[in-house]
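Chain residues, written in single-letter form:
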Amino acid sequence: MLKKSNLILVTLGISLFAFVPNCKKGAATATLASDAASRVYVAPGEKDEVYAFLSGGFSGQMSVYGIPSARLFKIIPVFSVFPENGYGFDEETKDMLKTTHGYVPWDDSHHVEASMTDGKQDGRWVFLNANNTPRLARIDLKSFETKEILEIPNTAGNHASPFATENTEYLMAATRFSVPIPQASVAVDSFSKGGFKGTISMVKVDKNTGRLSIELQVLVPGFDYDLSRCGKKKSHDWCFFSSYNSEQAHKMLEVGASKKDKDFILAFNWVRAKECKDQGKAYNFGGEYVNNFREENKPAVSTKLSGVKMLNPKDCPGMMYYMPTPKSPHGTDVDSTGEYIVGGGKLASVIPVHSFSKMIEVKDKKEHHSTEIEGIPVLKYESTLAGEVQKPCLGPLHTEFDGQGYAYTSCFVSSEVVKWKLGTWEVVQHLPAYYSVGHLSIVGGSSTEPYGKYLIAMNKITKDRYLPVGMELPQSAQLYDISSGKAELLSDFPTVGEPHYSQMIPAKLLMDKTAKLYPLEENKHPYATKNENEARIVRLGSTIHIYMTAIRSHFKPDIIEARTGETLYFHVTNLEQDYDIPHGFAIGGAPNMTNLLIMPGETRTFKWVAPKPGVYPFYCTDFCSALHQEMQQYIRVSP
Amino acid sequence: MKTLLFQTLSKRNRLLILGVGLVLLAVYLIPIWSISISAPQYPEGLGMHIWINQITGATPYDLKNINLLNHYIGMQEIVSESIPELLFMPYVLGYLIFGAFVTELYPKVGMAILGIINLIFVGLVGLSDFWRWEYNYGHNLNPEAPIIIEGMAYQPPLLGCKVMLNITACSYPSYGGMILGLSLVVLVYILWDENRRKKSNVV
Ligand SMILES: [Cu+2]
């Protein structure tokens, strides 16, 4: 085992070694395939092969790119307000950002998960976590819109989330920051005395509607649970969670949490957990949380919920086992066959691979247990080990699989991607990354059937890669072609926010299912106006409801009268039934409200309190037609 | 000539006429004519179907979108109700079908000739009416339209394609129209066949 000081020396040594040869040619040209440009070129009018959904990191959004061209198609607001289309501002969507902490219009979104059926991507939904204010979102892949957000109670730092089981039966969400559960003001040093706990939440996904609900929480020892991946095929019943700080340090974690040679991967049998719950072994536990759901073309409904079922591991034997894993593991990734669980020890000098079959064989044999932590048996490292990739790189983090028997591991410290072979554990290729790579993503790489043609590496640092743009440089993703024996760098591209993780889905799975419009006759919005003849103004005391229609190239009603202090609700229905003809709606100088983008057949509501007397223009913001610039009118406000 | 008119149709030709009558029933269920429109901003195209009793879009939204495009140039809105011909066209078709069934009871060559005359008459009246309809839509423009181009009319072609501003409009018979045309061909064939039969009988 390497001491910390040695590790730093090795880091420096390898960094020097890695950069000296590059200096001659310049990093920019290193290992770039000679015909790379033609392989990422998508001619005008041609379509990309793959959709890449990149989490937005600290932007709280999700971005959609085309691969291989790396063109940015869309930013989907999830946990952040979005002035471009009014998400989080208007009466329809602002309740999406409600939490028990109030309105939280931002988050830190790390992991994208794609829904699966039989372990294969099914193109129905993608899910995204909110780390800061624990939440989990479902994004519909017909409309590419956020349809549901579920807050997770009794947790802090929803980082190991949302990882789906093979049929999307459940999404797993686990605590990054262990905290007192239930929350209480206790001395922070009681962390080291076991006063802090973690939870693993099983979030149920309704098979037909996708609706989210908390099935069960499991109270686990107070470590930091970092990432997760659920099993597949034979390991279907299991999910695996990496954990660090098993030292339970509570200050200067940099040192305190890096002491032990091994931390753990927690193997969790969720089928067994459900069984124990059904047998009544879980108990009622508190916890307030909010569920926000937005049905097609209707205002979001925010529901306050309280209480969950909580289960203690000691009450459900056979549910959980700890597998020691060197050292501060980040990734815990299950290969496409469901047999290998690969740990990514941030500070480890090997990539440890556990064998699922070995784990099953030894898990209940006492001689393979080294100890027990709060009712959870700790298995011996060697008992579950399938093999170790020796000296792969520095800082192995996260592994994805190409379905051809190869694994790709990102290495943060040595800034590279290593390709190695499952079974023989030998490294076959080192691919430089520019720079400090976090997660990797292969098309379908976390499913049972990877479409292993492209790999992107998501990098944290881009010094010298692009034109400098002030102090904050873009983060970037790097695209490799992994279809042949030797992976080749094709391109890199700057990204929005911090692209933390991504799911890539073949275009053919999604492109023909995309919604084009909301059929007007199906519009059940309570304030819909489906016909220009029904456009009207309804006064209720000092509240004015304006049932407004928008169509190329006018609004109706077009002149509105109000008095200072009156509240106006503009319920705007876009009467268009044509693909790609949204209308915008904005009032000059409106505070607390940005813009609305109203899709064809959709109704959205803009709340406005009439300000001081004057005449205020309102207009369409989305260039909709030849007479778009004429699509404007006035509100007169009298004293 | 007179002998031909009253010559009894052969069994096979009677069956053919019965077939024509039955196939014509389908014209109630499918469009007769189609106009398709394409423009740079409509790569997927827009289409309009003319049926025996109504006008519809090729997709549920096309007619609405054609009207939205047309409103810039001040064209009246295209709605089935604005075309009174569509009110009695179903009866005209019914008359043709009725004729085919009457022929089964009175299977004379003259009836087939009557059918040919009827079909040609209906076809000519229908096409000229269609042209007139297109003419009116294309020429009777709202003088207050947002876009007015001196000397420009927007009459779609009767048959074939035509470019108007940036829009290419194509007009062709649809399946119903083809059935009507095919019926005429079948009747002409029957007449030719009966005439040949008469000659061979005489010889
Ligand atoms: Cu507009």
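The name recorded for chain B in an unreviewed UniProt entry is Cytochrome C, from Leptospira kanakyensis.

Per an unreviewed UniProt entry, chain A goes by Sec-dependent nitrous-oxide reductase and derives from Leptospira kanakyensis. Per UniProt, the comment on chain A under Subcellular location (unreviewed entry) is "Cell envelope".

A.B. asks: I'm lost on the overall build of chain B in this one. Help?
C.D. replies: In terms of regular secondary structure, chain B is built from six helices and five strands. Reading the secondary structure of chain B in the N-to-C direction produces α-α-β-β-β-α-α-α-β-β-α. Its C-alpha atoms give chain B a radius of gyration of 21 Å, clearly above 17 Å, the size a compact globule of 203 residues would have. Reported as C-alpha extents along the three principal axes, the dimensions of chain B are approximately 70 × 30 × 30 Å. Classification of the 203 residues of chain B by burial places 44% in the buried group. For chain B, contacts bridging at least 24 residues in sequence account for 66% of all contacts bridging at least 6. For chain B, the exposed area adds up to about 11,200 Å²; of that, 70% sits on carbon and sulfur atoms. Taking the average place of the 12 positive charges on the side chains of chain B and the average place of its 12 negative ones, the gap between the two points comes to 25 Å.

A.B. asks: Just checking my understanding: could you explain the pattern of salt bridges for this structure?
C.D. replies: As a working rule, side chains carrying opposite charge can pair if their charged atoms are close by. Residue and element names in this part refer to chain A. For the coordinates displayed, the defined rule picks out 39 salt bridges over all chains. In this structure, the salt-bridge partner of Lys277 is Glu215, at a minimum N-O distance of 2.8 Å. One end of the pair, Lys277, is in helix H4 (residues 270-278); the other, Glu215, is in strand S13 (residues 212-221), with 62 residues separating them in the sequence. We classify Glu215 as buried; its relative accessible area is 9%. Each member of the salt-bridge network shares a partner with another, and the members are Asp35, Arg39, Asp481 and Glu488.

A.B. asks: Sorry if this is basic, but what is going on with the interface of chain B and chain A here?
C.D. replies: Accessible area lost upon the coming together of the parts is a frequently used measure of interface size. At the interface, nine residues of chain B touch 15 residues of chain A. Between chain B and chain A we count zero salt bridges in total. There are seven residue pairs in polar contact (both at pLDDT 80 or more) connecting chain B and chain A. Looking at the side of chain B that touches chain A, the elements with two or more residues in it are strand S2 (42-50) and helix H3 (62-70) of chain B. If one sorts the elements of the side of chain B that touches chain A by residue count, H3 of chain B sits on top with three residues. Of the residues that constitute the side of chain B that touches chain A, the class distribution is five nonpolar, two polar and two charged.

A.B. asks: Can you help me understand the sheet that holds S2 of chain B in this one?
C.D. replies: Neighbouring strands of a sheet are bound in pairs by backbone hydrogen bonds; such pairs are parallel or else antiparallel. Residues and elements named next belong to chain B. A sheet is described by the order of its strands in space; here five strands give the open sequence S3-S2-S1-S5-S4, paired in antiparallel fashion. For this open sheet the edge positions go to strand S3 (55-57) and strand S4 (160-164), each flanked by a neighbour on one side alone. In this sheet, adjacent strand axes meet at a mean angle of 20° when their direction is disregarded. Two strands pair when backbone bridges link them, and strand S1 (residues 33-39) and strand S5 (residues 167-173) are joined in this way by six bridges, in the antiparallel orientation.

A.B. asks: Would you mind going over the UniProt feature "transmembrane region" (unreviewed entry) in chain B with me for this structure?
C.D. replies: All names here are of chain B. The residues that UniProt annotates with the feature "transmembrane region" (unreviewed entry) are residues 15-35, 88-106, 113-133 and 172-192. In residues 113-133, helix accounts for 100% and strand for 0%; the two terminal C-alpha atoms are 30 Å from one another. In residues 172-192, helix accounts for 86% and strand for 10%; the two terminal C-alpha atoms are 28 Å from one another.

A.B. asks: Can you help me understand the domain arrangement of chain A in this one?
C.D. replies: Residues and elements named next belong to chain A. Each domain of chain A was delimited in the assignment, giving domain 1 (50-509) and domain 2 (520-637). Each partner contributes to the interface: domain 1 provides 15 residues, whereas domain 2 provides 18 residues. Interface area for domain 1 against domain 2, summed over the two sides, is near 1,200 Å², with a carbon-plus-sulfur share of 49%. If you look at where domain 1 meets domain 2, you find two salt bridges. As a salt-bridge pair, Asp90 and Arg604 come within 2.6 Å of each other at their nearest N and O atoms. In this assembly, domain 1 and domain 2 are joined by ten residue pairs in polar contact (both at pLDDT 80 or more). Residues that form the side of domain 1 that touches domain 2 fall into these classes: four nonpolar, four polar and seven charged.

A.B. asks: Looking at this structure, how should I read the pairing of strand S18 (residues 301-311) of chain A?
C.D. replies: All names here are of chain A. Summarising the sheet, S13 and S18 pair through two bridges and their orientation is parallel. Looking across to S18, one finds that Val218 is bridged to Leu311. In this structure, strand S17 (residues 283-293) lies alongside S18, joined through nine bridges in antiparallel fashion. Looking at S18, one finds that Phe293 is bridged to Val301.

A.B. asks: Would you explain the side chain of Thr462 of chain A in this entry?
C.D. replies: Residue and element names in this part refer to chain A. Note on placement: Thr462 falls in the loop between strand S31 (454-459) and strand S32 (475-481). Of the polar contacts made by the side chain of Thr462, one reaches the backbone oxygen of Pro474; its length is 2.7 Å. Look past the residues within four positions of Thr462 in its chain and what remains in contact with it is Tyr435, Leu473, Pro474, Gln475 and Ser476.

A.B. asks: I tried to follow the side chain of His571 of chain A on my own but got confused; where do I start?
C.D. replies: Residues and elements named next belong to chain A. Of note, His571 is situated in strand S39 (residues 567-574). At 2.7 Å, the side chain of His571 and the side chain of His545 are in polar contact. Leave out the neighbours within four places in its chain, and His571 touches Tyr527, His545, Ile546, Tyr547, Met548, Arg604 and Thr605.

A.B. asks: Which parts of the structure should I look at to understand the coordination of the copper ion?
C.D. replies: For a metal with four tetrahedral donors the ideal donor-metal-donor angle is 109.5 degrees, while six octahedral donors give ideal angles of 90 or 180 degrees. Residue and element names in this part refer to chain A. Binding of the copper ion to the protein goes through His583 (ND1), Cys620 (SG), Cys624 (SG) and Met631 (SD), at separations of 2.1 to 2.5 Å. Here the copper ion binds four donor atoms, and the angle range of 98 to 124° at the metal identifies the geometry as tetrahedral. Along the chain, the residues that donate to the copper ion are spaced as H-x36-C-x3-C-x6-M. Placement of the pair is Cys620 in the loop between strand S43 (614-619) and strand S44 (632-638) and Met631 in the loop between S43 and S44, with a sequence separation of eleven residues. Residue Cys620 is classed as buried on the basis of its relative accessible area, which comes to 1%. Its relative accessible area of 1% is what places Met631 among the buried residues.

A.B. asks: Can you walk me through the nonpolar core in this structure?
C.D. replies: A general feature of soluble globular proteins is that nonpolar side chains tend to end up buried together. Counting residues in hydrophobic clusters, the biggest one holds 28 residues, and the most contacted among them are Met172, Ile200, Phe241, Leu266, Phe268, Leu311 and Met320 of chain A. Once residues lying within four places of it in the same chain are set aside, the contact partners of Leu266 of chain A are Ile200, Val220, Tyr225, Cys239, Phe240, Phe241, Met320, Tyr321, Tyr322 and Ile376 of chain A.

Criteria and cut-off values
Residues numbered from 1 in each chain as written. Chains lettered and ligands numbered in written order. Predicted model: local features only at pLDDT ≥ 70, side-chain atom pairs only at ≥ 80, totals over all residues. Heavy atoms only, no water. UniProt positions renumbered as here; feature names shortened; annotations may be inferred. Helix = DSSP H or I, 4+ residues; strand = E, 2+ residues; numbered from the N terminus. Rg over C-alpha atoms; globule rule 2.2 N^0.38 Å. Buried < 20%, exposed > 50% of the residue type's maximum accessible area, 1.4 Å probe, protein only. Contact = heavy atoms within 4.5 Å. Areas by Shrake-Rupley, 256 points an atom, 1.4 Å probe, with all protein chains shown as cover. Lys, Arg positive; Asp, Glu negative; His and termini not counted. Charge placed at Lys NZ, Arg CZ, Asp CG, Glu CD. Salt bridge = Lys/Arg side-chain N within 4 Å of Asp/Glu carboxyl O. Polar contact = N/O pair within 3.5 Å; in protein donor to acceptor, adjacent residues only side chain to side chain. Nonpolar A, V, L, I, M, F, W, Y, C, P; charged D, E, K, R; others polar. Pairing = 2+ DSSP bridges. Axes fitted to C-alpha atoms, helices over the stretch in contact; angles between N-to-C directions. Domains from an automatic or database assignment. Buried area = accessible area lost by both parts, 1.4 Å probe. Donors = N, O, S within 2.8 Å, 3.2 Å for Na, K, Ca; no water. Tetrahedral: all angles 85-135°; square planar, octahedral: opposite > 155°, others 65-115°. Core = buried A, V, L, I, M, F, W, Y, C linked by side-chain atoms within 4.5 Å.

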